[in-house]
Amino acid sequence: MSETTLAVGSQIEVRCPNCRKNREHEILSMKNGKPDQVQCTLCRNQRKYRRPVAQKTAEERLLLKNIELRRSANAGQRQQWDELRPALASGAAKEYSMSAKYRIKDMINHPVFGLGLVQRIIGSQKVEILFEDGVKIMRCK
């Protein structure tokens, strides 16, 4: 591969904040042998040079999307917990046990997660419980 010599007027690929993509830019000025000011050849936006951002893989984009979905779901769960918490009496809560049976709206006291409320029954051996930290799926009888 041949290396290109960078000089004022030559083209370089840089992320354009206006276009939101890596695009060809013209070098307007140099500083210490490196590009200083660049201009997008498409939208003509001028700015300081920054190295181009590597494109995310499909797997990385999916992972970021899942994280965003979980954050928004946790915010909704947190709001639901804040609304329910004043009505919950910790004295009426059952101690959590994997061998116990639970019904919807049972209050649970878990040694790690604290006070929780059974939201739904999942199959024959799992329940979904809303705790202050969010919804957890727990094993039961």
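Keep in mind it's a predicted model, so treat the numbers as computed, not measured. Each chain carries its own residue numbering, running from 1 in the direction its sequence is written. Local features in this predicted model are restricted to residues of pLDDT 70 or higher, and side-chain atom pairs are both shown and tallied only at a pLDDT of 80 or more, whereas totals for entire chains, interfaces and linings draw on every residue. Only hydrogens and water are set aside when side-chain values are computed; all heavy atoms of the structure are taken into account.

**Some points on the nonpolar core**
- Residues grouped as a nonpolar core are buried Ala, Val, Leu, Ile, Met, Phe, Trp, Tyr and Cys residues, joined through side-chain atoms within 4.5 Å. With a 1.4 Å probe rolled over the protein chains alone, any residue whose accessible area is under 20% of its type maximum counts as buried; one over 50% counts as exposed, and the rest are partly exposed. Among the nonpolar cores identified, the biggest contains nine residues, and these are Tyr96, Tyr102, Ile108, Val118, Val127, Ile129, Phe131, Met138 and Cys140.
- Two residues form a contact once any of their heavy atoms are found within 4.5 Å. Apart from the residues lying within four places of it in its own chain, the contact partners of Tyr96 are Tyr102, Ile108, Asn109, His110, Met138 and Arg139.
- In this structure, Trp81, Leu88, Met107 and Leu130 belong to the second largest nonpolar core, which totals seven residues.

**Things to note about the environment of Ala54**
- By the secondary structure assignment, Ala54 is in the loop between strand E4 (46-48) and helix H1 (58-84).
- The class for Ala54 is exposed, based on a relative accessible area of 64%.
- For Ala54 and Leu42, which are 12 residues apart along the polypeptide, the C-alpha to C-alpha distance reads 20 Å. Runs of H or I in DSSP of at least four residues are treated as helices and runs of E of at least two as strands, each being numbered from the N terminus.

**Comments concerning the sheet that holds strand E8 (residues 126-131)**
- Here five strands make up an open sheet; going across it, the order is E5-E6-E7-E8-E9 and the pairing mixed. Looking at strand neighbours, the two that pair on one side only are strand E5 (94-95) and strand E9 (134-139), the edges of this open sheet.
- The pairing of E8 with E9 spans six bridges and is antiparallel. Looking at the pairing, Phe131 lines up with Gly134 of E9. Here, any two strands with at least 2 DSSP bridges between them count as paired.

**Things to note about the packing of aromatic side chains**
- Pairs were defined over the aromatic rings of Phe, Tyr and Trp, the Trp ring being its six-membered one, requiring ring centres within 6.5 Å. Orientation was assigned from the angle between planes: stacked under 30 degrees, edge-to-face over 60, tilted for the rest. Overall, the coordinates contain two aromatic pairs when judged by the stated rule.
- For the ring pair Tyr96 and Tyr102, a centre distance of 6.1 Å and an interplane angle of 10° mean the geometry is stacked.
- A residue is classified by how much of its surface remains accessible, and Tyr96, at 17% relative accessible area, is buried.
- The exposure class assigned to Tyr102 is buried, which follows from its relative accessible area of 7%.
- Here Phe113 and Phe131 contribute two aromatic rings whose centre-to-centre distance is 5.2 Å and whose plane-to-plane angle is 40°, an arrangement assigned as tilted. With Phe113 in the loop between strand E6 (107-110) and strand E7 (114-122) and Phe131 in strand E8, this pair connects stretches of sequence that are 18 residues apart.

**A look at the sheet that holds E4**
- Read from one edge of the open sheet, four strands run E1-E2-E3-E4, paired in antiparallel fashion. Edge strands, defined here as strands with exactly one partner in the open sheet, are strand E1 (11-16) and E4. Going from strand to strand, the sheet's axes swing by 45° on average, the running direction of each strand aside.
- As paired elements, E1 and strand E2 (residues 21-31) share six bridges and run antiparallel to each other. Considered in E2, the bridge of Arg15 is made with Asn22. With axes taken as lines fitted to C-alpha atoms, and helix axes fitted only over the stretch in contact, angles between N-to-C directions fall between 0 and 180 degrees.

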